[in-house]
Amino acid sequence: MNLVRAEIGRLAARRFVQLMVLLLGTAFGVTIATTLAGSHQPTAFEVQVAEAQAANQRANVQRWYAECLEAERTGASELSARYQGNCEDVSPDRVDASDFLSGVFVFDQQILDLTYFLIAFLCLFGFLVGASYIGADLTSGGMTNLLLWRPQRMVVLGTKLGTLLAGVLGLSVVASALYLGSFRLIAEVRGLPGAPDAPFWTDLGLTVTRGLLLVLMVTALGFAAATLGRHTSAALGVAAAYAVVWEAGGRIVMGIVDVARPDQLMLSSYVIAWVGGEIRLWAMSGECAPQIGSGYCDLSYHILWPAGLVVLLGLTVLAVGGAFATFRRRDLA
Amino acid sequence: MPAVIQIDGLRKTFTGVRRGRRVALDGFDMLVEPGQVHGFLGPNGSGKTTTLRTLLGLVQADSGRMALFGEPAPQRLPAVVGRLGAIVESPQFFGNFSGRRTLRLLAVAGGVPPARVDEVLEQVGLRDRADERVKGYSLGMKQRLAVASALLKRPELLILDEPANGLDPAGIREMRDLMRGLAAAGVTVLVSSHILAEIQQICDHVTIISRGRRVAAGPVDAVLAGFDHREFRIRVADQTRAAEIIASAGLPVTTHADHLVVADLDDPARLSQALGEQGVWLRELTPLTPDLESVFLELTDTRPRPGVPRQVDDSVRPDRPADESQITLGADDGLQITVSADDERAQP
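Residues numbered from 1 in each chain as written. Chains lettered and ligands numbered in written order. Predicted model: local features only at pLDDT ≥ 70, side-chain atom pairs only at ≥ 80, totals over all residues. Heavy atoms only, no water.

- As recorded in an unreviewed UniProt entry, chain B goes by the name Multidrug ABC transporter ATP-binding protein, listed as coming from Plantactinospora endophytica.
- Taken verbatim from the UniProt record of chain B, the Sequence similarities (unreviewed entry) comment is "Belongs to the ABC transporter superfamily." (UniProt positions renumbered as here; feature names shortened; annotations may be inferred.)

- The name that an unreviewed UniProt entry assigns to chain A is ABC transporter permease, with the source organism given as Plantactinospora endophytica.

Here we look at the packing of aromatic side chains
One pair of aromatic rings is described through two measures. These are the centre distance and the angle between the planes.
All names here are of chain A.
Move 1: Across all of its chains, the model carries 11 aromatic pairs over all chains by this definition.
Move 2: Ring plane angle 65° and centroid distance 5.9 Å describe the contact between Phe107 and Phe200, whose orientation is recorded as edge-to-face. Linking Phe107 in helix α5 (residues 107-140) with Phe200 in helix α8 (residues 198-229), this pair joins segments that are 93 residues apart in sequence.
Move 3: Residue Phe107 is classed as buried on the basis of its relative accessible area of 1%.
Move 4: Look at Phe200 and you get buried, because its relative accessible area is 14%. (Phe/Tyr/Trp six-rings, centres within 6.5 Å; stacked < 30°, edge-to-face > 60°. Helix = DSSP H or I, 4+ residues; strand = E, 2+ residues; numbered from the N terminus. Buried < 20%, exposed > 50% of the residue type's maximum accessible area, 1.4 Å probe, protein only.)

Side note on the confidence of the model for chain B
All names here are of chain B.
Move 1: Across chain B, the average pLDDT comes to 84, with 87% of residues at 70 or higher.
Move 2: Considering each helix and strand of chain B separately, the mean pLDDT is smallest for strand β15 (residues 326-327), with a value of 38, and largest for strand β4 (residues 63-68), with 96.
Move 3: With pLDDT under 50 throughout, residues 322-333 is counted as low confidence; its partners more than four residues away or in other chains account for 22 contacts.
Move 4: Predicted confidence is poor over residues 339-348, with pLDDT under 50, and the contacts of this stretch with residues over four places away or in other chains come to 25 contacts. (pLDDT = per-residue confidence, 0-100. Contact = heavy atoms within 4.5 Å.)

What to know about the pattern of salt bridges
Move 1: Under the counting rule described, the total for this entry stands at 26 salt bridges over all chains.
Move 2: In this structure, A:Glu247 and A:Arg251 form a salt bridge, with 3.0 Å as the shortest nitrogen-oxygen distance. Residue A:Glu247 and its partner A:Arg251 are both found in helix α9 (residues 232-256); the two are separated by 4 residues, about one turn of the helix.
Move 3: Among the residues examined, A:Glu247 registers a relative accessible area of 14% and is labelled buried.
Move 4: The exposure class assigned to A:Arg251 is partly exposed, which follows from its relative accessible area of 30%.
Move 5: Here B:Lys12 and A:Asp331 are joined by a salt bridge, their closest N and O atoms 2.8 Å apart. Of the two residues, B:Lys12 sits in strand β1 (residues 5-16) while A:Asp331 sits in the segment after α11 (305-329), which places them in two different chains.
Move 6: Taking relative accessible area as the criterion, B:Lys12 reaches 6% and is therefore assigned buried.
Move 7: One connected set of salt bridges, linked through shared partners, spans A:Glu7, A:Arg10, A:Asp137 and A:Lys160. (Salt bridge = Lys/Arg side-chain N within 4 Å of Asp/Glu carboxyl O.)

Here's the deal with unusual backbone geometry
Trans is the common state for peptide bonds, and a negative phi is the common state for residues other than glycine.
All names here are of chain B.
Move 1: Cis rather than trans, the peptide bond between Ala73 and Pro74 has omega equal to 5°.
Move 2: In this fold, Pro74 is placed in the loop between β5 (71-73) and α2 (77-80).
Move 3: A positive phi angle, close to 50°, is found at Arg154, a residue other than glycine.
Move 4: Tracing the chain through its elements places Arg154 in the loop between α5 (139-151) and β7 (157-161).
Move 5: At Asp264, a position not held by glycine, the phi torsion is positive, near 55°.

With respect to empty space enclosed by the protein
Move 1: In this structure the tally under the stated criterion is 3 cavities of 30 Å³ or more.
Move 2: Each pocket or cavity is described by its volume, and for the largest cavity that value is around 100 Å³.
Move 3: In terms of lining, the largest cavity is formed by A:Arg10, A:Gly142, A:Asn145, A:Leu146, B:Phe93, B:Phe94, B:Phe97, B:Thr102, B:Leu105 and B:Leu106.
Move 4: Taken together, the elements giving at least two residues each to the lining of the largest cavity come down to α6 (142-149) of chain A together with α3 (99-110) of chain B.
Move 5: Split into classes, the residues belonging to the lining of the largest cavity amount to 6 nonpolar, 3 polar and 1 charged.
Move 6: Taken as a whole, the second largest cavity spans an internal volume of roughly 70 Å³.
Move 7: Those elements that place two or more of their residues in the lining of the second largest cavity are α6 (169-184) and α7 (196-202) of chain B.
Move 8: Top contributing element to the lining of the second largest cavity by residue count: α6(B), with 4 residues. (1 Å grid on protein atoms, 1.4 Å probe; cavity = no way out; pocket = protein on both sides within 12 Å on 5 of 7 lines; lining within 4 Å. Points joined across faces, edges and corners; volume = space filled by probe spheres on them. Nonpolar A, V, L, I, M, F, W, Y, C, P; charged D, E, K, R; others polar.)

Side note on the interface of chain B and chain A
Move 1: Of the residues lining the interface, 32 residues belong to chain B; the matching set on chain A comes to 28 residues.
Move 2: On the chain B side of the contact with chain A, B:Leu58, B:Gln60 and B:Phe94 bury the most area, a combined 24% of that side's loss.
Move 3: Between chain B and chain A we count 1 salt bridge in total.
Move 4: The interface formed by chain B and chain A contains 8 residue pairs in polar contact (both at pLDDT 80 or more).
Move 5: For the side of chain B that touches chain A, the secondary structure elements donating two or more residues are β1, α2 and α3 of chain B.
Move 6: At 7 residues, α3(B) tops the list of elements feeding residues into the side of chain B that touches chain A.
Move 7: Along the lines of polarity and charge, the residues of the side of chain B that touches chain A split into 19 nonpolar, 7 polar and 6 charged. (Buried area = accessible area lost by both parts, 1.4 Å probe. Polar contact = N/O pair within 3.5 Å; in protein donor to acceptor, adjacent residues only side chain to side chain.)

Overview of the layout of surface pockets
Move 1: Empty space within the largest pocket amounts to approximately 890 Å³.
Move 2: Taken together, 30 residues form the lining of the largest pocket, with A:Val218, A:Leu221, A:Tyr242, A:Leu267 and A:Val271 sitting closest to its centre.
Move 3: Elements with a contribution of two residues or more to the lining of the largest pocket: α5, α8, α9, α10 (267-276) and α11 of chain A.
Move 4: For the lining of the largest pocket, the element with the highest residue contribution is α8(A), accounting for 8 residues.
Move 5: Tallied by class, residues from the lining of the largest pocket come to 25 nonpolar, 3 polar and 2 charged.
Move 6: If you add up the space inside the second largest pocket, you get close to 650 Å³.
Move 7: Taken together, 26 residues form the lining of the second largest pocket, with B:Arg22, B:Thr49, B:Thr50, B:Arg53 and B:Glu89 sitting closest to its centre.
Move 8: Only β1, β2 (20-32) and α1 (48-55) of chain B provide two or more residues apiece to the lining of the second largest pocket.

A closer look at the sheet that holds strand β12 (residues 253-255) of chain B
Residues and elements named next belong to chain B.
Move 1: Here 4 strands make up an open sheet; going across it, the order is β12-β13-β11-β14 and the pairing antiparallel. In the strand order of this sheet, the two ends are held by β12 and β14 (282-288), each with one partner. Each strand of the sheet is rotated relative to its neighbour by a mean of 20°, with strand direction disregarded.
Move 2: Where β12 lies against strand β13 (residues 260-262), 3 bridges are found, and the strand directions are antiparallel. Of the residues in β13, the one forming a bridge with Thr254 is Val261.
Move 3: Together, β11 (231-236), β13 and β14 form the strand contacts of helix α10 (residues 268-277), whose direction differs from that of β14 by roughly 155°. (Pairing = 2+ DSSP bridges. Axes fitted to C-alpha atoms, helices over the stretch in contact; angles between N-to-C directions.)

Section: the domain arrangement of chain B
Move 1: What the domain assignment reports for chain B is domain 1 (5-224) and domain 2 (231-288).
Move 2: Between domain 1 of chain B and domain 2 of chain B, the C-alpha centre-to-centre distance is 46 Å. (Domains from an automatic or database assignment.)

What about the UniProt feature "transmembrane region" (unreviewed entry) in chain A?
Residue and element names in this part refer to chain A.
Move 1: Residues given the UniProt feature "transmembrane region" (unreviewed entry) here are residues 16-37, 114-134, 154-180, 211-228, 234-253 and 303-327.
Move 2: Annotated as residues 114-134, this span is 100% helix and 0% strand, and its ends, taken at the C-alpha atoms, are 31 Å apart.
Move 3: This span, residues 303-327, is 92% helix and 8% strand, and a straight line between its end C-alpha atoms measures 35 Å.

Right, here's the structure in full:
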């Protein structure tokens with residue numbers, strides 16, 4: 001317990017952590033401020049015009065929707081090829097008056113994208129703080145000093161990781177609540193809340209939850225990489241090298257050698273699948289089953305969030321396990 | 001009562017892609033009894049810090065046995081760590097924390113009452129600078145902070161690696177007084193230092209290491225006595241004549257520019273009489289007692305040679321005890337000196 005208290009104190013007192021919290025707050029503040037400045041409460045006239053435009057749009061879409069359903073039912077090749085997929089994409093129910101309101105923040109339509117932004121920033125925060133927290137301790141001699149007091153390497157490293165994850169989670173929960181609450185408030189006073197129903201809240205809740213879990217995994221990965229490399233920059237180097245060598249270079253090479261599904265080999269696909277619930281990707285080549293009566297060949301495939309969880313969690317467990325195993329027997333300077 | 005520190009046959013080899021394989025400890029032994037102020041000496045790179053790091057669990061030994069307060073280390077280190085305070089090599093602290101915060105965090109981690117922080121800050125003379133960031137501290141101030149951290153736990157054993165590093169003369173004296181005070185209070189102190197005069201002043205026992213092996217160990221007086229050749233420096237008007245007289249008396253004599261050194265002289269009166277009978281009168285007769293520095297330089301063979309730059313690893317490498325070349329002098333006093341049969345020099 002004493003060690004936990006000491007580590008909480010150490011984490012909170014780190015200037016880098018304080019600076020990152022400040023930057024995080026600034027980024028969120030700027031986002032909220034620009035949204036606030038760019039939105040206004042629509043007048044009755046604006047709402048009326050938007051509703052009229054939406055009604056007109058619905059009438060057009062209704063015809064396409066009916067054609068799509070008919071093509072699905074009869075298998076008419078010409079129509080089926082035109083719509084290429086799910087008829088719900090052209091459902092009139094998807095047309096909303098808020099689509100025709102410019103300069104108005106609509107909570108239920110825009111908050112999901114803003115949530116992805118929130119998660120991305122929290123991930124960056126977690127990775128940098130996680131890497132720096134242990135990296136600085138290893139290079140500054142803080143770890144050596146601590147081990148002279150508590151010569152239990154696994155306990156010390158585990159406490160550091162636990163404290164870090166708890167701290168990042170706590171901050172992320174508070175930041176998420178403030179962030180989402182601010183946009184909800186903006187929607188109430190200078191925009192529109194839309195029509196958030198139960199499925200919307202469930203979807204948002206799951207997205208935030210998965211996002212927070214991603215933040216914890218990324219934080220642990222930063223911590224593990226810096227522990228393995230004995231330095232903060234090791235984690236940054238690994239991240240940069242992965243992005244450049246694999247996500248960019250590897251993708252190009254795989255394109256040249258005609259790998260059918262390069263996206264399936266990219267970590268970013270699993271990150272998006274995990275946070276968004278699923279990701280639809282298109283194979284570069286491969287066999288497909290043309291839809292009956294049409295020449296359309298659908299090479300798309302999906303990665304769902306459970307696959308994302310397995311890959312990300314597996315990577316995290318591997319990295320953290322490797323870091324602990326290495327640290328257990330490492331000679332410390 | 002068990003020994004405070006017992007090390008037997010400690011071996012450690014560092015391997016690196018660029019540096020290759022380097023033997024840091026090669027069967028090193030050490031014994032520190034309760035209440036001793038024990039000096040730990042050795043040339044640069046001889047294995048002092050590696051020994052201390054290994055003892056404290058920071059470096060993994062290849063083989064050998066270690067015990068602290070009778071408990072095997074590093075396995076039982078957590079059980080005894082509350083009884084020891086240590087600083088190892090250059091003090092390293094997080095630069096953006098103040099001295100007080102640094103100590104408070106350690107105190108919290110170790111379950112030490114916060115009030116103790118102010119006590120040790122006062123004790124090491126950092127009271128008025130405690131709230132400044134450590135990165136603004138001088139080396140000497142960092143050293144004081146390191147000592148303060150080691151004292152926080154009111155240790156029964158204090159391990160200090162180069163505690164005088166960076167200290168000003170007053171600081172060195174304060175450090176000496178501090179160690180004396182701790183020793184008087186019953187604290188066992190193991191101190192490694194290159195300031196041999198300091199060691200000689202404050203330590204009652206000493207262990208000397210060279211190239212990973214022990215070359216001498218025991219009470220300081222006994223170690224010095226082992227190198228007392230009963231030498232005297234004499235000055236006379238006719239140096240050549242005096243040398244002939246002394247040699248004819250069967251005493252080894254060495255001629256220097258302005259004096260003679262006579263060895264194996266049990267009774268100075270005998271020399272005075274022999275010279276006087278031949279009409280040579282002494283102007284000076286001074287006993288040459290060995291000091292720790294000369295003994296250290298002799299044992300480790302690191303005495304500077306004019307015009308020959310000495311490399312870091314140029315020190316004597318004693319043969320292993322298994323080679324039966326270990327000579328034990330004054331065993332009753334617990335003194336052990338291991339000397340090389342062939343004065344083997346370090347090989348790259």
